[in-house]
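Letter by letter, the chains look like this.
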Amino acid sequence: MVALNPFAIAQQQLDRAAARLGLDRATHELLRWPQKELIVAFPVQMDDGSSRVFRGYRVQYNGARGPSKGGIRWHPDETIDTVRALAAWMTWKTSVVDIPLGGATGGVTCNPKEMSEGEKQRLARGYIRAVADVLGISKDVPGPDVYTTPQIMAWMMDEYETLVGEHHPGVITGKPLPLGGSEGRSDATARGGIYATREAARELGVDLAGKPMAVQGFGHVGQTAALLGHEILGLKLVAASDSKGGIHNPKGLDPRAVVDYKHRTGSLQGFPGAEPIDTGAVLELPVALLFPAALENVITVENAARIKARICCELANGPTTPDADAILSDNGVFVVPDFLANAGGVTVSYFEQVQNTYNFYWPLSEVHQRLDEKMTRAFSGVYQMHTREKVNMRLAAYLVAVARVAEACKLRGWV
Ligand code: NAD
């Protein structure tokens, strides 16, 4: 199979929205490409005394609606095109939930699973030294993504503050609580997806209580989705998978026990009371709710016709290719598209920035209430577009988000 380029996919999705919105050529062209890209190479001292040079990226896609915002991913397969795609999706994400920020993403090509804590700390600090010029609370604010943690955010914030000689907690989000992190940030991505799913089920008249759910990608977001799906929506976890394999029990699995097992052993394999299942097969089970929560391009033309979920809530970025999307629509799988489904993370990151700026912190209940309001309103706007324009939910989300960014570009006189 030809490798699918996530940025080509992001551009293709935008092209469809631009055609439908009737965007003029200059605006369309402006929104097809990042406004600024920085590629760096920086050395890191390894524990054995040798130096290794890593490649890092920061892509600021569009800043018309405010300072850029977006995660930093550490992954062996990271390329400029994955970072560009994530930065584009982040631009549509901040727009669809209507927070006054632009979109960006950063990354380092590395394998953190093979690095010690000391090496990770030196990598985090080296990356910030290399990209610090383009960061700042009124320029661009990074946050966590795949394989980057609150501890890594703390090292990065400390390095930035050391460079500029001032406190700037709002320069990075997803920090630990004692360093200005927000209550409710750690589960915000999955929680936002659960709120959006609740609204989807309400619109579709589907009762989710006691119904099966499957989680593909049992990392930070996937684990939280399993716990909150059970706690808030009453869903029954029947399958979960990570990069090493999956587990399945149609009678139900205790999400807390599965999460604890994964933390204890580092994998799902051997979980008592479940059968092993292929990672791919987890996507194809007859469930009420499917959470793809791993990486891009897992639902393709190869398997889309076998997806049987009633609702697919895309917590991962870019899990479905455009051709697969059409098949899901035809088969009546209701998709809560990625940049809407997983917008809870950036929404609470924005709340974190606001609290850092005021140096005044909100209780957890306030964060949850504000997140619920944002997600419910965003879902409702996209759902109305979906019914009014008779387009699928992904195109509806694009129409809402792209129109807002295009309007900001025009008001600034850029196009
Ligand atoms: P994570 O590193 O904690 O988890 C990723 C998980 O996916 C790991 O458990 C890994 O084993 C698993 N995985 C990788 N390949 C797989 C495969 N082929 N089959 C099954 N599992 C596989 O990362 P995360 O922070 O949970 O992010 C997951 C997704 O959510 C990513 O697409 C990320 O961009 C997106 N996202 C994360 C946030 C956030 O706040 N962390 C916000 C928005 C979107």
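Residues numbered from 1 in each chain as written. Predicted model: local features only at pLDDT ≥ 70, side-chain atom pairs only at ≥ 80, totals over all residues. Heavy atoms only, no water.

Undergrad: Before we go on, may I ask you to explain the layout of surface pockets in this structure?
TA: Rolled over the atoms, a probe as big as a water molecule pinpoints where empty space is left. By volume, the second largest pocket is sized at about 220 Å³. What lines the second largest pocket is a set of 13 residues, and nearest its centre among them are Pro6, Arg73, Asp77, Thr82 and Glu296. Of all the secondary-structure elements, those providing two or more residues to the lining of the second largest pocket are strand E3 (68-75) and helix H3 (80-96). Looking at side-chain class alone, the lining of the second largest pocket contains three nonpolar, five polar and five charged residues. The two domains that each donate at least three residues to the lining of the second largest pocket are domain 1 (36-179) and domain 2 (188-341). (1 Å grid on protein atoms, 1.4 Å probe; cavity = no way out; pocket = protein on both sides within 12 Å on 5 of 7 lines; lining within 4 Å. Points joined across faces, edges and corners; volume = space filled by probe spheres on them. Helix = DSSP H or I, 4+ residues; strand = E, 2+ residues; numbered from the N terminus. Nonpolar A, V, L, I, M, F, W, Y, C, P; charged D, E, K, R; others polar. Domains from an automatic or database assignment.)

Undergrad: Can you walk me through the site of the ligand in this structure?
TA: In the neighbourhood of the ligand, 24 residues make up the surrounding shell, with Thr189, His220, Val221, Ala294 and Asn317 lying closest. With respect to the ligand, the side chain of Arg185 contributes an N or O atom lying 3.3 Å from an oxygen atom. In this structure, a nitrogen atom belonging to the ligand sits 3.3 Å away from a side-chain N or O atom of Gln216. The fraction of the free accessible surface of the ligand (830 Å²) that becomes covered by protein chains is 87%. Those elements that provide at least two residues to the shell around the ligand are helix H7 (220-233) and strand E7 (236-242). Each residue belonging to the shell around the ligand can be placed in one class, and the counts come to eight nonpolar, ten polar and six charged. Residues from two domains meet in the shell around the ligand; each of domain 1 (36-179) and domain 2 (188-341) gives at least three. (Near = heavy atom within 4 Å. Polar contact = N/O pair within 3.5 Å; in protein donor to acceptor, adjacent residues only side chain to side chain. Areas by Shrake-Rupley, 256 points an atom, 1.4 Å probe, with all protein chains shown as cover.)

Undergrad: Would you mind showing me how to read the side chain of Lys175 here?
TA: Note that Lys175 resides in the loop between helix H5 (150-164) and helix H6 (188-204). In terms of polar contacts, Lys175 uses its side chain to reach the backbone carbonyl oxygen of Ile172, at 2.7 Å. A distance of 2.9 Å separates a polar atom in the side chain of Lys175 from a polar atom in the side chain of Asn356. When neighbours within four sequence positions are excluded, Lys175 is seen to be in contact with Pro150, Met153, Met157, Pro169, Gly180, Gly181, Glu352 and Asn356. (Contact = heavy atoms within 4.5 Å.)

Undergrad: I tried to follow the domain arrangement of the protein chain on my own but got confused; where do I start?
TA: Where interface size is quoted, it is often the accessible area lost as the parts come together. Domain parsing of the protein chain yields domain 1 (36-179) and domain 2 (188-341). Its C-alpha centre places domain 1 at a distance of 27 Å from the equivalent point of domain 2. Listed as interface residues are eleven residues of domain 1 and, on the opposing side, eight residues of domain 2. In total, about 840 Å² of surface goes out of reach between domain 1 and domain 2, with carbon and sulfur atoms giving 63% of it. Of all residues in domain 1, Trp89, Lys93 and Val96 bury the most surface against domain 2, accounting for 49% of the area lost on that side. Viewed at the interface, domain 2 and domain 1 are joined by one salt bridge. The partner of Arg73 in a salt bridge is Glu296, with the nearest N and O atoms 2.7 Å apart. Secondary-structure elements contributing two or more residues to the side of domain 1 that touches domain 2 are E3 and H3. In terms of residues, the side of domain 1 that touches domain 2 owes the most to one element, H3, which gives six residues. Within the side of domain 1 that touches domain 2, the residues separate by chemical class into five nonpolar, two polar and four charged. (Buried area = accessible area lost by both parts, 1.4 Å probe. Salt bridge = Lys/Arg side-chain N within 4 Å of Asp/Glu carboxyl O.)

Undergrad: Can you walk me through the packing of helix H12 (residues 364-389) against helix H13 (residues 393-411) in this structure?
TA: How two helices pack is summed up by the angle between their axes together with the distance between the axes. Contact pair H12 / H13: the axes reach a minimum separation of 8 Å and the direction vectors enclose 115°. Considering their axes alone, H12 and H13 lie roughly perpendicular with respect to each other. The chirality of how H12 crosses H13 is right-handed. Of the residues in H13, those in contact with Phe379, Gly381, Val382, Tyr383, Met385, His386 and Glu389 of H12 are Met393, Ala396, Ala397, Leu399 and Val400. Considered class by class, the residues forming the contact of H12 with H13 number nine nonpolar, two polar and one charged. (Axes fitted to C-alpha atoms, helices over the stretch in contact; angles between N-to-C directions. Parallel < 35°, antiparallel > 145°, perpendicular 65-115°, else oblique. Left-handed = near helix turned anticlockwise from the far one by under 90°.)

Undergrad: Even after reading the chapter, I still don't get the sheet that holds strand E9 (residues 275-277), so can you show me in this structure?
TA: The strands making up a sheet are joined through hydrogen bonds of the backbone, oriented either antiparallel or parallel. The strand order across the open sheet built from seven strands is E9-E8-E7-E6-E10-E11-E12, with neighbouring strands paired in mixed fashion. What marks the edges here is a single partner per strand, and that holds for E9 and strand E12 (334-336). Here the strands of the sheet are splayed against their neighbours by 20° on average, with no regard to which way each runs. Two strands pair when backbone bridges link them, and E7 and strand E8 (residues 245-253) are joined in this way by five bridges, in the antiparallel orientation. If you follow Ser241 over to E8, its bridge partner there is Gly246. (Pairing = 2+ DSSP bridges.)

Undergrad: Any chance you could explain the pattern of salt bridges here in plain terms?
TA: Between side chains of opposite charge, pairing is possible as soon as their charged atoms come close. For the coordinates displayed, the defined rule picks out 27 salt bridges. Salt-bridge contacts for Arg73 lead to Asp145; the nearest nitrogen and oxygen are separated by 2.6 Å. You can see Arg73 sitting in strand E3 and its partner Asp145 sitting in the loop between strand E5 (140-144) and H5, a full 72 residues away along the chain. Among the residues examined, Arg73 registers a relative accessible area of 3% and is labelled buried. We classify Asp145 as partly exposed; its relative accessible area is 26%. For Asp338, the salt bridge identified is with Arg394, shortest N-O distance 3.7 Å. In this pair, Asp338 is assigned in helix H10 (residues 338-341) and Arg394 in helix H13, connecting sequence segments 56 residues apart. Of the two residues, Asp338 and Arg394, both sit in the buried class. (Buried < 20%, exposed > 50% of the residue type's maximum accessible area, 1.4 Å probe, protein only.)

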